[in-house]
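In case you want the letters, here they are:
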Amino acid sequence: MKPFTYERPTTPAAAAAAVTRRPDAKFIAGGTNLLDLMKLQIETPGHLVDVQDLRLDTIEATDDGGLRIGARVTNTALASDPRVRRDYGVLARAILAGASGQLRNKATTAGNLLQRTRCPYFYDTYQPCNKRQPGSGCAAIGGYGRPLAVIGGSDACIATHPSDMAVALRLLDARVETVTADGTTRAIPIADFHRLPGDTPHVETALARGELITAVTLPKPLGGTHVYRKVRDRASYAFALVSVAAVIRPDGTGRVALGGVAPKPWRAEAAEAELPSGAKAVADALLAGARPTADNAFKLPLVERTIAAAISDARE
Amino acid sequence: MNVTLTVNGETRSAEVPPETTLLVFLREYLNLTGAKTGCDIGDCGACTVILDGKAVNACLMLAAQADGRDVITIEGLATREGLHPLQKVFEETGALQCGFCGPGVILSAKALLDENPAPSKQEIRNALAGNLCRCTGYVKMIDGIQEVAETMRSVPTPALPAASKGEQKHG
């Protein structure tokens, strides 16, 4: 790792100010992805602002019947919270489908949303990558595409967003609460939080420089049966080739979101109207306009089959 | 910068550069080499230690982040009376071969049993999902962990002194 300085402020606004002040500063929460990237010198911050003393580690009920999840609540704590397990089962299942116990014990709610892609060309510093080095090109396009996006990518980038948790949050219409150095707060709908790559794949979220995530809120429970189905190259501890988060109501209506196929959690509310018609209609609507590579065209039928399996799981 | 934490019940302190990981802190500053340097990117689990009751990868954490917190390493398990039951069963049944993954596996298992004294085989498998063993195939480890769980449940728990919690300087 390149040398850096380190501080632990005690209020969110002070932390936001500390990162805003220095263009080379970054927040660090669990560090499970950032430290990995720092060892590879893909990330080279000159200053780290640790958010562990900001008291953002509680899960509280909100006035509208939902939950406010502190930014630093660990993935383990979130997945084991009884309210989450009872009312937002898809979120608990998605989290437990990801990483290992050791990583979930440190990884945080906000950090999970901000983790970087696992595109092999992003990680290989000898390859061009527009996300790692803007303007350098994309070695993934025309390269080994098996893990990469089939929809939502651009001529500059076809990386996927690797999070399982974020797919469930997209399904649940979560909102991301933030604060800036001057104390201004806002709530960003999860649908608008992650950005598609376009010409600027290095810009991954709607966050401004120094803007700190303080919490993720969930609206009141949806009911229905909650399913998270993850298909990957081995049975545990691997990123999704395709994942499906679904809430299915007894009348066959519901919601569906996909992971592993796009640069952000992939959901199209219009596609959900097709649920009573079955998995093929939903998959076709979700993946309209998909541009797979030769290596990952298998993801299109895999999405349909995984949605079918999720619907079947929900009926059991 | 100064990093002070509780390691195996003792307060330990060192001056380290900020880029020091918890794993380097333990191995190179405290000479506790039980936690192993394997992949160094959070994949293999050879560096697993218990931080405030939870198994974590020491390689993916800054020592600075652990300042003021409580760490248990494999060196903290055995007592004058002998090996920890997990160490003992692993030794007796040949659950380890080369042994490199052993400290991490045993600490993952201890963290599991501390929270869940009666885990199913699947729960043990889930708890070991972040510990790679290239020798054994895990079967004797899983059997051994279940055996220890049964033995520990059947023995009345003696009164122990409260677990030492490091001074929580940073809440």
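Up top you'll find the structure we're talking about.
One structure accompanies this document, and this report is about it.

Scoring rules and cut-offs
- Residues numbered from 1 in each chain as written.
- Chains lettered and ligands numbered in written order.
- Predicted model: local features only at pLDDT ≥ 70, side-chain atom pairs only at ≥ 80, totals over all residues.
- Heavy atoms only, no water.
- Salt bridge = Lys/Arg side-chain N within 4 Å of Asp/Glu carboxyl O.
- Helix = DSSP H or I, 4+ residues; strand = E, 2+ residues; numbered from the N terminus.
- Buried < 20%, exposed > 50% of the residue type's maximum accessible area, 1.4 Å probe, protein only.
- Axes fitted to C-alpha atoms, helices over the stretch in contact; angles between N-to-C directions.
- Parallel < 35°, antiparallel > 145°, perpendicular 65-115°, else oblique.
- Left-handed = near helix turned anticlockwise from the far one by under 90°.
- Contact = heavy atoms within 4.5 Å.
- Nonpolar A, V, L, I, M, F, W, Y, C, P; charged D, E, K, R; others polar.
- Disulfide = S-S within 2.5 Å.
- Pairing = 2+ DSSP bridges.

**Some details on the pattern of salt bridges**
Residue and element names in this part refer to chain A. Per the stated rule, a full pass over the model turns up 28 salt bridges over all chains. One salt bridge in this structure joins Glu43 and Lys26, with 3.5 Å as the shortest N-O distance. Placement of Glu43 in the loop between helix 2 (34-39) and strand 3 (47-50) and of Lys26 in strand 2 (residues 25-28) is noted, with a sequence separation of 17 residues between them. For Glu43, a relative accessible area of 10% gives the class buried. Judged by its relative accessible area of 31%, Lys26 falls in the partly exposed class. In this structure, Glu269 engages Arg267 in a salt bridge whose closest nitrogen and oxygen atoms are separated by 3.6 Å.

**Some words on the packing of helix 2 (residues 85-93) of chain B against helix 3 (residues 102-115) of chain B**
Helix-helix packing is described using two parameters, namely the angle between the two axes and the distance between the axes. All names here are of chain B. With their axes 10 Å apart at the nearest point, helix 2 and helix 3 run at an angle of 130° to one another. Looking at the two axes, helix 2 sits oblique to helix 3. Read as a crossing pair, helix 2 and helix 3 show a hand that is right-handed. Between helix 2, through Leu86, Gln87 and Phe90, and helix 3, the contact on the second element is made entirely by Val105, Ile106, Ala109, Lys110 and Leu113. Of the residues belonging to the contact of helix 2 with helix 3, the class tally is six nonpolar, one polar and one charged.

**Some details on helix 2 of chain B**
Burial in helix 2 of chain B covers these residues: Leu86(B), Gln87(B), Val89(B) and Phe90(B). Remark: Gly94(B) follows helix 2 of chain B within two positions and exhibits a positive phi of approximately 65°.

**Regarding the state of the cysteines**
Residues and elements named next belong to chain B. If you walk through the whole model with that rule in mind, you get zero disulfides over all chains. There is no disulfide at Cys47, and the cysteine sulfur nearest it, in Cys59, is 3.8 Å away. Taking relative accessible area as the criterion, Cys47 reaches 3% and is therefore assigned buried. Cys135 carries a free sulfur, and the closest cysteine sulfur to it, the one in Cys98, is 3.8 Å from it. Looking at Cys135, the relative accessible area reads 34%, which means it is partly exposed.

**Brief notes about unusual backbone geometry**
Residue and element names in this part refer to chain B. Backbone geometry places Asn31, a non-glycine residue, at a positive phi of 55°. Summarising the element assignment, Asn31 is placed in the loop between helix 1 (22-29) and strand 3 (48-51). In this model, Asp40 sits at a positive phi of 65°, which is unusual for a non-glycine residue. Tracing the sequence through the fold places Asp40 in the loop between helix 1 and strand 3. Residue Asp40 is classed as partly exposed on the basis of its relative accessible area, which comes to 27%.

**Points about the pairing of strand 6 (residues 175-179) of chain A**
Residues and elements named next belong to chain A. Extensive coverage of strand 6 is indicated by the burial of four of its five residues. Pairing analysis gives five bridges linking strand 6 to strand 7 (residues 185-189), with the strands arranged antiparallel. Across the sheet, Thr178 pairs through a bridge with Arg186, a residue of strand 7. If you look at the hairpin formed by strand 6 and strand 7, you'll find five residues sitting between the two strands, and Gly183 has a positive phi there, around 90°. With five bridges joining them, strand 6 and strand 8 (residues 212-218) adopt antiparallel strand pairing. Paired with Val176 across the two strands is Val216, which belongs to strand 8.

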